[in-house]
Amino acid sequence: MKDKIFHDTVHGNIKIGEVYCKSVIDTLLFQRLRRIEQSSVRSLYPCARHDRFIHSIGVFHIGTRIVEWVRQNLKQNEAIWNIVKDSWEIVTSSYLSACLLHDVGHAPFSHTFEKYYDYKQGDLLDKLLTGTLKSECFNQDLNISKDAKQHEKVSAYLLATYYRDAVEKLGGNIEYAVRMIIGCSFNNDDNIESQLVNCFITVLHGEVDADRLDYAVRDQWAAGFSSARIDIERLLRSIVIVQDPKCGNKLRLCFTKSAINTIEALAQIKDFQKKWVFRHQNVVYDQHILSAALEEVAKHYKSEENKTEDDFLNYIFNVRIFTDTSYALPDKLCLYLLSDDTIIQMLRTTIDDNSFAKEWLSRQYRKKPLWKTPAEYNRLFDRNKGIINTGKINMCLKRLGLNPEDYYLKEVEYEPYTIPENQIWFWINDEIIDANNIVSGTTDEKTVIYYLYVDITKFNDRDNIINKLKAIS
């Protein structure tokens, strides 16, 4: 198979077969990912300008290396290789297609807007998937597995419809690939093939998978923050598939002991991002005004077809944006292949009547935080932070004469990242051991803080507001 080379600043030269390029990468839906930001933290890290396109290429690259190393390690255990070899090609082909397409349905601006895909519409995305696959086994397992994100379900739906022929020509099974994207394991895995599928689900939708490995190193590279380093190749070399005697000799994907320090480093990066990046006061406020700006757009575009703001949001975050070339707003703004630039065009169109759009586009923030860090919050409210809540803060601000439009209050939770039980397994001295018993997590405790952003015209009253909040009891 002839290869094409993608030069990636993170992984180096990535080789991808020409058949993948023609049938998947060089398509309208996949190329759209060049205009979908990977991260939502550019307000904090201006250099973090990377997109879902190169991330998907990176995940495919790591997935390819996983397949190569697992195969090589399996062949050293002839007994296991002999029972999986007949299923190997269809399962790994499904896996590689899933790696490449796992984000093809991603909403604009990273995770900011993905909630709108099934906003107040119940299990719309589940119904689309089950109606497409028409598999009773999948339907039952999907009811058990509920942790998939909206964009994963949309991506899986597009794989099963728009890319169905491509995936099958590449040797994959549609249901297997869908399960890998959304993390829907076979609950009834009595046969070897379903066990092998479950193994590969863990390395695309698990705690240590191709997706997480790529965005961990890519976000770190693009943003420039300093935290633990990951030796990806060392980690991939350690992946083995063994039979678990505690589960009737079913197949289980494990890591050898050489991966312990790398998996611990990955856990540290995830914890660092949760603690210091995603709940940074700039990131929190920037996401707020971007979402508020779009909700103002929704008010502008209300019509006979979209009578409420919710109707409008359901209209633009709709699977038709991937298939209907004539799908548009009343003013003819095309929604086909909706991306970041489409949203920005909406903000620009309504900017005269949309103060949030003007604020976000200019970054001239109209509100400032009364405190900027969790440490500052803890120092201010050390004695009574345990009894502060949203209701009490709102009542206090109302007594001070502040209207809801004068401030923005956000509760921000931090839960230290630790390896969950029964999610990652080590193979040490011919024994399968839960990684939760080996890889130590942070000693930090789960905490909740409140960010309070006050209109700059009211900011001179900062000390008085803080003192009144400190007096809450």
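All figures in this text were calculated on a predicted structure; none of them were measured in a lab. (Residues numbered from 1 in each chain as written. Predicted model: local features only at pLDDT ≥ 70, side-chain atom pairs only at ≥ 80, totals over all residues. Heavy atoms only, no water.)

A.B. asks: Explain the pairing of strand β8 (residues 431–434) to me, using residue names and the numbers behind them.
C.D. replies: The two faces of β8 differ: Ile432 and Asp434 on one face are buried, but Glu431 and Ile433 on the other face are not. Relative to β8, strand β7 (residues 425–428) is paired through 4 bridges, and the arrangement is antiparallel. Residue pairing across strands places isoleucine 428 opposite glutamate 431, the latter belonging to β8. Joining the antiparallel neighbours β7 and β8 is a turn of 2 residues, in which asparagine 429 adopts a positive phi near 50°. (Buried < 20%, exposed > 50% of the residue type's maximum accessible area, 1.4 Å probe, protein only. Helix = DSSP H or I, 4+ residues; strand = E, 2+ residues; numbered from the N terminus. Pairing = 2+ DSSP bridges.)

A.B. asks: Quick rundown of the sheet that holds strand β5 (residues 367–369)? Include the residues and the values.
C.D. replies: Judged by pairing direction, the sheet is antiparallel, and its 3 strands sit side by side in the order β5-β9-β6 without closing on themselves. If you trace the sheet from one side to the other, it starts and ends with β5 and β6 (407–414), each paired once. Strand-to-strand twist of the sheet, defined as the mean angle between neighbouring strand axes without regard to direction, takes the value 25°. Pairing between β5 and strand β9 (residues 447–455): 3 bridges, direction antiparallel. Of the residues in β9, the one forming a bridge with proline 369 is tyrosine 453. (Axes fitted to C-alpha atoms, helices over the stretch in contact; angles between N-to-C directions.)

A.B. asks: With reference to specific residues and values, describe the sheet that holds strand β4 (residues 250–256).
C.D. replies: Whenever strands of a sheet pair, they do so through backbone hydrogen bonds, lying parallel or antiparallel. Taken together, the 4 strands give an open sheet; going across it, the order is β3-β4-β7-β8, and neighbouring strands pair in mixed fashion. The open sheet has two edge strands with one neighbour each: β3 (239–244) and β8. Geometrically, the sheet is characterised by an average inter-axis angle of 50° between neighbouring strands, direction not taken into account. Sheet topology places β4 next to β7; 2 bridges connect them, and they run parallel. In the sheet register, phenylalanine 255 faces β7, and the bridge partner there is phenylalanine 426. This element, helix α4 (residues 78–101), spans β3 and β4 of the sheet and lies at about 95° to β3. (Contact = heavy atoms within 4.5 Å.)

A.B. asks: Let's hear about the pattern of salt bridges: which residues, and what values?
C.D. replies: Summed over all chains, the structure comprises 24 salt bridges. Aspartate 214 is the salt-bridge partner of arginine 218, the closest N and O atoms lying 2.9 Å from each other. Here arginine 218 pairs with aspartate 214, and both are found in helix α11 (residues 210–223), just 4 residues apart, close to one helical turn. The same class applies to arginine 218 and to aspartate 214, which are both buried. With a shortest N-O distance of 3.0 Å, lysine 299 and glutamate 296 are connected by a salt bridge. Of the two residues, lysine 299 and glutamate 296 both sit in helix α14 (residues 281–300), 3 residues apart, roughly one turn of that helix. Look at lysine 299 and you get partly exposed, because its relative accessible area is 43%. Connected through shared salt-bridge partners, Asp8, Asp214 and Arg218 make up one network. (Salt bridge = Lys/Arg side-chain N within 4 Å of Asp/Glu carboxyl O.)

A.B. asks: Before we move on, could you go through unusual backbone geometry and cite the residues and values that matter?
C.D. replies: For arginine 363, which is not glycine, the phi torsion reads 60° and is therefore positive. On the secondary structure map, arginine 363 appears in the loop between α17 (355–362) and β5. Arginine 363 gets classed as partly exposed once you look at its relative accessible area, which sits at 35%.

A.B. asks: If you had to explain α17 to someone new, which residues and values would you point to?
C.D. replies: Within the span of α17, buried status applies to Phe356, Ala357, Glu359 and Trp360. One side of α17 carries all its buried residues, which in axial view fall inside an arc of 165°. Close packing links the buried residues of α17 with α14, α16 (340–349) and β5. At the exit of α17 stands arginine 363, carrying a positive phi of roughly 60°. (Arc of directions from axis to C-beta.)

A.B. asks: How would you explain the side chain of aspartate 214 if you had to name every residue and give the values?
C.D. replies: A relative accessible area of 0% means that aspartate 214 is categorised as buried. A distance of 2.8 Å separates a polar atom in the side chain of aspartate 214 from a polar atom in the side chain of histidine 11. Those residues within four positions of aspartate 214 in sequence are excluded, and the remaining contacts are His11, His55, Gly58, Val59 and Ile62. (Polar contact = N/O pair within 3.5 Å; in protein donor to acceptor, adjacent residues only side chain to side chain.)

A.B. asks: Can you break down the nonpolar core residue by residue, with the values?
C.D. replies: Counting residues in hydrophobic clusters, the biggest one holds 155 residues, and the most contacted among them are Phe30, Tyr95, Phe200 and Met346. Other than its neighbours up to four places away in sequence, phenylalanine 200 contacts Ile66, Val67, Val70, Trp88, Val91, Thr92, Tyr95, Met180 and Ile241. Val41, Tyr45, Val277 and Val283 belong to the second-largest nonpolar core, a separate cluster that totals 7 residues. (Core = buried A, V, L, I, M, F, W, Y, C linked by side-chain atoms within 4.5 Å.)

A.B. asks: Break down the packing of α4 against helix α9 (residues 174–182) for me, with residues and values.
C.D. replies: The contact between α4 and α9 brings their axes to 8 Å, and the two run at 50°. Judged on the interaxial angle alone, α9 and α4 are oblique. Of the two possible hands of crossing, α4 and α9 adopt the one that is right-handed. Where α4 approaches α9, its residues Ile90, Val91, Ser94, Tyr95, Ala98 and Leu101 are matched on the opposing element by Tyr176, Ala177, Met180 and Ile181. Within the contact of α4 with α9, the residues separate by chemical class into 9 nonpolar, 1 polar and no charged. (Parallel < 35°, antiparallel > 145°, perpendicular 65-115°, else oblique. Left-handed = near helix turned anticlockwise from the far one by under 90°. Nonpolar A, V, L, I, M, F, W, Y, C, P; charged D, E, K, R; others polar.)

A.B. asks: Go over α4, please, and point to the residues and values.
C.D. replies: Between its first and last C-alpha atoms α4 spans 32 Å; for 24 residues at 1.5 Å apiece the expected length is 34 Å, and the two agree. Maximum bend of α4: about 55°, positioned at lysine 85. (Expected span 1.5 Å × (residues − 1). Bend = angle between axes of the 7 residues up to and from the residue.)

A.B. asks: Could you give me a rundown of the packing of aromatic side chains, with the residues and numbers involved?
C.D. replies: Applying the stated criterion to the full structure yields 23 aromatic pairs. For the ring pair tyrosine 176 and phenylalanine 186, a centre distance of 6.0 Å and an interplane angle of 80° mean the geometry is edge-to-face. Residue tyrosine 176 is located in helix α9, and its partner phenylalanine 186 is located in the loop between α9 and α10 (192–201); the two are separated by 10 residues in the primary sequence. Here tyrosine 176 falls in the buried class, since its relative accessible area comes to 12%. One aromatic cluster is present, formed by Phe109, Phe113, Tyr116, Tyr117, Phe317 and Trp360 through successive ring pairs. For the cation-ring pair, arginine 252 lies above tryptophan 425, with the distance from its terminal atom to the ring centre recorded as 4.3 Å. A cation sits over an aromatic face here: arginine 366 above phenylalanine 356, 5.2 Å from the ring centre. (Phe/Tyr/Trp six-rings, centres within 6.5 Å; stacked < 30°, edge-to-face > 60°. Lys NZ or Arg CZ within 6 Å of the ring centre and 35° of its normal.)

Without other data, these values stay purely geometric and don't point to any function.
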